[in-house]
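One letter stands for each residue in the lines below.
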Amino acid sequence: MRAGESRLAYDGLAAFVGPKLITEVPGPEALAWIERDRKVTSPSLPRAYPFVPKRGAGSIVEDVDGNIFLDLNAGIAVTSTGHCHPRVVDAIDRQAAELLHYSASDFYLPVYAEVCERLDQVAPFGDRPARSFLTNSGTEAVEAAIKLARFATGRQYLIGMYKSFHGRSMGSVTLTASKAKYRTNFGPMLPSVYHTFYGDFDYLDEVVFKRLVSPTEVAAIVVESWLGEGGYVLPPDGWFTYLRELCDLHGILLVCDEVQSGMGRSGKMWAIEHEGVEPDVLISGKGIASGLPLGAMIAREDLMVWDLGSHGSTYGGSPLSCAAALATFDVIRDEDLLGNAERVGSVLLDGLREMKTRHPLIREVRGKAMWIGLGFADHQVAEAIEHVAFRRGMLMLSCGDDAVRISPPLVFREDQAREALRIFEEVVAEVEAGT
Ligand SMILES: Cc1ncc(COP(=O)(O)O)c(C=O)c1O
């Protein structure tokens, strides 16, 4: 497709306000693909429901049968600027025609440096400068943070949070404590990791530091600024101040994982900016490159003390991903997507809170901007909600023990939000009726 045609195709699809289904879902093409997929893909892949996307624009995705879906998942909090934003696609096209690869670990890539400059500009470290290490994924950025924290402090212990999720490689999965299945049959985990409770003010100090490990041996507390897979939960007021004070007292690094909560989803660039503290290290991923694989471990300059050659990556910060990230930063700024996340998120939150008064099935509505968690009685109800929503053309995803998350692209429009609310009320009514 030539540039003009692809722009027309984008505009046509992105203009949809809500779903338009032309078959039952999954349709015949989708079923055929699922059948092929089942024979050859790893059975470990945790597919949520039988959705088979073909193309996307903004907050709309069309499946292989031509059904139009409203995407409240953003590809699991990834497509921050929406699916296939023309400026992101143009940037990738231009970069692809120029240079696909040269390892930034061994040589100098201008786009890599430019992304690190942007991260320095937005890093939540006050006036202090930042340096970044770029990766292909969130989990690799977590691994980089673990290694840097150990290197910089000379200490080996790490503290993670129950219910948290940091990825599936060995260090990240050791910090992860949301579901036992992520660890089952994979042990032993990384040694020297303890957990405490997200949002708890006593356990870390009273139990972990008193009975299990001296805080003088702890390199880092690794924490999601806002808890994502664990249920889209916000921390209690003052909790991060408490963590920051503990870290300062004992010389521990505060590492905030913003793979899911960052890049504007909270209405600010980073969710930790709502909590009034500055972390020492920040981890980004998902939305940073609007869908291309990129992660970043961003640290205060004075902590980036590791030796030449001590960490690197062949592909991390690939030219294509970096070009997409630069365009993502530009679009977030030029289209005021932080403001949009706040405004349209409020429409969703207000509507959902009002709906909760009519539907006791909804136990809780929590969140801010485009980070919304809905609490239900149990996981079965949450799963029923996501499945019924899918059948009605709306993509949502369960999380935590009993929740459904709403994390649309940051370009989600008010007309789409109102349509999403209308459909969601039908979904809730259907689940309530037990159909
Ligand atoms: C908070 C958080 N950290 C890390 C990760 C891992 O990212 P990736 O799947 O890109 O490795 C995720 C993924 O969902 C996440 O939500």
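Each remark here, short or long, concerns the structure printed above.
Residues numbered from 1 in each chain as written. Predicted model: local features only at pLDDT ≥ 70, side-chain atom pairs only at ≥ 80, totals over all residues. Heavy atoms only, no water.

Asks: I'm lost on helix H11 (residues 337-358) in this one. Help?
Replies: Along an α-helix, residues three or four positions apart point the same way, because every turn accommodates 3.6 residues. Here H11 is 22 residues long and its end C-alpha atoms lie 31 Å apart, about the 32 Å a rise of 1.5 Å per residue gives. Looking only at H11, the buried set comprises Leu337, Gly339, Asn340, Ala341, Val344, Gly345, Val347, Leu348, Leu349, Gly351, Leu352 and Met355. Structurally, H11 contributes buried residues whose contacts are with helix H10 (319-334), strand E11 (364-368), strand E12 (371-375), strand E15 (403-406) and helix H13 (414-432). (Helix = DSSP H or I, 4+ residues; strand = E, 2+ residues; numbered from the N terminus. Expected span 1.5 Å × (residues − 1). Buried < 20%, exposed > 50% of the residue type's maximum accessible area, 1.4 Å probe, protein only. Contact = heavy atoms within 4.5 Å.)

Asks: Would you mind showing me how to read the nonpolar core here?
Replies: Ranked by size, the top nonpolar core spans 130 residues in total, and within it Ile221, Val223, Phe240, Met297, Phe376, Ile385 and Phe424 carry the most contacts. It is H10 that provides the largest number of residues to this core, a total of nine residues. If you count residues domain by domain, this core takes at least three from each of domain 1 (3-71 + 337-432) and domain 2 (89-334). Among the nonpolar cores identified, the runner-up in size contains six residues, and Val25, Tyr49, Phe390 and Leu397 belong to it. (Core = buried A, V, L, I, M, F, W, Y, C linked by side-chain atoms within 4.5 Å. Domains from an automatic or database assignment.)

Asks: Whenever I open this one, the pairing of strand E3 (residues 68-71) confuses me. Can you help?
Replies: Put simply, side chains in a regular strand alternate between the two faces of the sheet. Taking every second residue as pointing to the same face, both faces of E3 are buried, with Ile68 and Leu70 on one and Phe69 and Asp71 on the other. In this sheet, E3 lies alongside strand E2 (residues 60-63) in antiparallel orientation, the contact comprising three bridges. Bridging from a neighbouring strand, Glu62 pairs with Ile68 of E3. Linking two consecutive strands that pair antiparallel, namely E2 and E3, is a turn of four residues; a positive phi of about 90° is found at Gly66 within it. Pairing of E3 with strand E13 (residues 394-395), which is carried by two bridges, proceeds in the parallel orientation. By the bridge assignment, Asp71 is partnered in E13 with Leu395. (Pairing = 2+ DSSP bridges.)

Asks: What exactly am I supposed to notice about the pattern of salt bridges here?
Replies: If you walk through the whole model with that rule in mind, you get 29 salt bridges. The closest approach of N and O atoms between Asp37 and Arg47, which form a salt bridge, is 2.7 Å. A residue pair is termed long-range when its members are at least 10 positions apart, and Asp37 in helix H2 (residues 28-40) and Arg47 in the loop between H2 and strand E1 (53-57) qualify at 10 residues. The exposure class of Arg47 is exposed, given its relative accessible area of 52%. A salt bridge links Asp401 to Lys163; its shortest N-O distance comes to 3.8 Å. With Asp401 in the loop between strand E14 (397-399) and E15 and Lys163 in the loop between strand E5 (157-162) and helix H7 (170-175), this residue pair connects regions lying 238 residues apart in the sequence. (Salt bridge = Lys/Arg side-chain N within 4 Å of Asp/Glu carboxyl O.)

Asks: Honestly, the packing of helix H4 (residues 86-98) against H10 in this entry has me stumped. Any pointers?
Replies: Axis angle and axis distance: for two packed helices, these are the angle between their axes and the distance between the axes, and together they describe the pair. At their nearest, the axes of H4 and H10 sit 8 Å apart, and the two run at 150° to each other. One element, H4, and the other, H10, form an angle in the roughly antiparallel class. Every pair of crossing elements has a handedness; the one defined by H4 and H10 is right-handed. Of H10, the residues touching H4 (which contributes Arg87, Val88, Ala91, Ile92, Gln95 and Ala96) are Pro319, Leu320, Ala323, Ala324, Ala327, Thr328, Asp330, Val331 and Asp334. In the contact of H4 with H10, the residues fall into 10 nonpolar, two polar and three charged. (Axes fitted to C-alpha atoms, helices over the stretch in contact; angles between N-to-C directions. Parallel < 35°, antiparallel > 145°, perpendicular 65-115°, else oblique. Left-handed = near helix turned anticlockwise from the far one by under 90°. Nonpolar A, V, L, I, M, F, W, Y, C, P; charged D, E, K, R; others polar.)

Asks: Help me understand the site of the ligand in this model?
Replies: The ligand sits among Ser137, Gly138, Thr139, Phe165, His166, Gly167, Glu224, Glu229, Asp257, Val259, Gln260 and Lys286. Within the contact set of the ligand, an oxygen atom lies 2.8 Å away from a backbone nitrogen or oxygen of Thr139. At 3.5 Å, a backbone N or O of Phe165 approaches a nitrogen atom of the ligand. Tallied by class, residues from the shell around the ligand come to two nonpolar, six polar and four charged. (Near = heavy atom within 4 Å. Polar contact = N/O pair within 3.5 Å; in protein donor to acceptor, adjacent residues only side chain to side chain.)

Asks: What is the right way to read the sheet that holds E13 from this model?
Replies: Sheet strands associate in pairs through backbone hydrogen bonding, adopting either a parallel or an antiparallel arrangement. An order of E1-E2-E3-E13 is seen for the four strands of this open sheet, with the pairing classed as mixed. Strands at the two margins of the open sheet, each flanked by one partner only, are E1 and E13.

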